[in-house]
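# Survey of secondary and tertiary structure
What follows is each chain in one-letter form.
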Amino acid sequence: MRFSGFNKYRVWYIIYRVVFYDRETFVAVTLTTQELAKIEAHITTHKNMPGALLPLLHAIQDDLGYVPEESYPYISKALALSVAEVHGVVTFYHHFRTHQKGKHVLQVCRAESCQAMGSEKLEAHIKSALGIDYHQTTQDGAITLEPVYCLGNCACSPAVMLDDEVYGRVDAQKVAELISEVQHG
Ligand code: FES
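Here is what the cut-offs are and how they apply
- Residues numbered from 1 in each chain as written.
- Predicted model: local features only at pLDDT ≥ 70, side-chain atom pairs only at ≥ 80, totals over all residues.
- Heavy atoms only, no water.
- Helix = DSSP H or I, 4+ residues; strand = E, 2+ residues; numbered from the N terminus.
- Buried < 20%, exposed > 50% of the residue type's maximum accessible area, 1.4 Å probe, protein only.
- Areas by Shrake-Rupley, 256 points an atom, 1.4 Å probe, with all protein chains shown as cover.
- Disulfide = S-S within 2.5 Å.
- Contact = heavy atoms within 4.5 Å.
- Expected span 1.5 Å × (residues − 1).
- Pairing = 2+ DSSP bridges.
- Phe/Tyr/Trp six-rings, centres within 6.5 Å; stacked < 30°, edge-to-face > 60°.
- Salt bridge = Lys/Arg side-chain N within 4 Å of Asp/Glu carboxyl O.

## Examining the overall build of the chain
When you go through the chain residue by residue, the secondary structure sums to nine helices and five strands. Ordered by position from N to C terminus, the α and β elements of the chain give α-α-α-α-α-α-β-α-α-β-β-β-β-α. When the 185 residues of the chain are sorted by exposure, 37% land in the buried category. Carbon and sulfur atoms make up 55% of the accessible area of the chain, which amounts to about 11200 Å² in all.

Here it is, written out as structure tokens:
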């Protein structure tokens, strides 16, 4: 392969950044300035608390709507944890999401009572209808799909929650109505 003078240096620079990139420089580029400022403010508020990690993650998600993976190095440095430990806690709790949520959040109950009443079939139908998996957002940014483990509505299983509203005895038709309402409403 032949490169012109400019391109040759640019290619080596890209290789350098990929192999030896400075994590914090990279992070500063991918997070917006406002997001970074908010994350740093929450770290400052929480870092000296005992058991600071969970309250800090909640604060970041409440403020930004998600916990960006790019925040892990900042959190790990402030709390003297490894990035892997921060990642492990975020992914252990289904409550936390690592990507910006859509305009609406559709949660599908996967707990026992709902499973007994056919939630597995229902969730397969919802994934297919939206064209996404759990923890993903539709291309138009309208709906984020999340699993949940009991909505306290077991008597009316299977149940889903759309934003703050819980719906019971949900079937494919009801889901189609809900999706249509938020996509066209
Ligand atoms: S198990 Fe689904 S609402 Fe309780």
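We are not done yet, so read on.
## Here's the deal with the state of the cysteines
Considering all chains together, one arrives at zero disulfides under this definition. Here C156 stays free of any disulfide, with the sulfur of C154 as its closest cysteine sulfur at 9.5 Å.

## A closer look at the side chain of H104
Looking at the element boundaries, H104 is found in strand β1 (residues 104–109). With relative accessibility at 17%, the residue H104 sits in the buried group. Excluding its chain neighbours within four sequence positions, the residues that come into contact with H104 are A142, I143, T144, L162, D163 and V182.

## Regarding helix α4 (residues 53–64)
With twelve residues, α4 should reach 16 Å at 1.5 Å per residue; the first-to-last C-alpha distance of 16 Å fits that figure. For α4, every residue scored as buried is listed here: L53, L56, L57, A59, I60, Q61 and L64. Of the surrounding secondary structure, the elements contacted by the buried residues of α4 are α3 (33–46), α5 (72–79) and α6 (83–92). Just past α4, the residue G65 takes up positive phi, approximately 90 degrees.

## Some points on the environment of G152
Mapping G152 onto the fold places it in the loop between β3 (143–148) and β4 (160–162). As a C-alpha pair, G152 and V166 span 14 residues in sequence and 9.2 Å in three-dimensional space.

## Quick word on the pairing of β3
Counting buried residues along β3, six of its six residues qualify, which places the element largely inside the surrounding structure. Residue alternation in β3 divides its side chains into two sets, I143, L145 and P147 and T144, E146 and V148, and both sets are buried. The pairing of β1 with β3 spans six bridges and is classified as parallel. Each residue of the ladder has a partner; that of V108, found in β3, is P147. Bridge count for strand β2 (residues 136–137) against β3 is two bridges, and the pairing is antiparallel. The partner of T137 across the bridge, within β3, is T144. Linking β2 back to β3 in an antiparallel pair, the connection comprises five residues, with G141 at a positive phi of about 75 degrees.

## A word on the packing of aromatic side chains
Going through the model one piece at a time under the given rule, you end up with two aromatic pairs. Measuring from ring centre to ring centre gives 4.9 Å for F92 and Y93, while their planes differ by 85 degrees; the resulting arrangement is edge-to-face. When its relative accessible area of 60% is taken as the criterion, F92 is described as exposed. Judged by relative accessible area, Y93 falls into the partly exposed class, the value being 35%.

## Digging into the pattern of salt bridges
Inspection of every chain in the model, using the stated rule, returns five salt bridges. Ionic pairing is found between R110 and E123, a salt bridge with its closest N-O pair at 3.0 Å. Taken as a pair, R110 in the loop between β1 and α7 (112–116) and E123 in helix α8 (residues 119–130) lie far apart in primary sequence, 13 residues in all. On the accessibility criterion, R110 (27% relative accessible area) is partly exposed. K127 is the salt-bridge partner of D133, the closest N and O atoms lying 3.1 Å from each other. Classification of D133 as partly exposed rests on a relative accessible area of 36%.

These results come straight from atomic positions and should not be treated as a statement about function.
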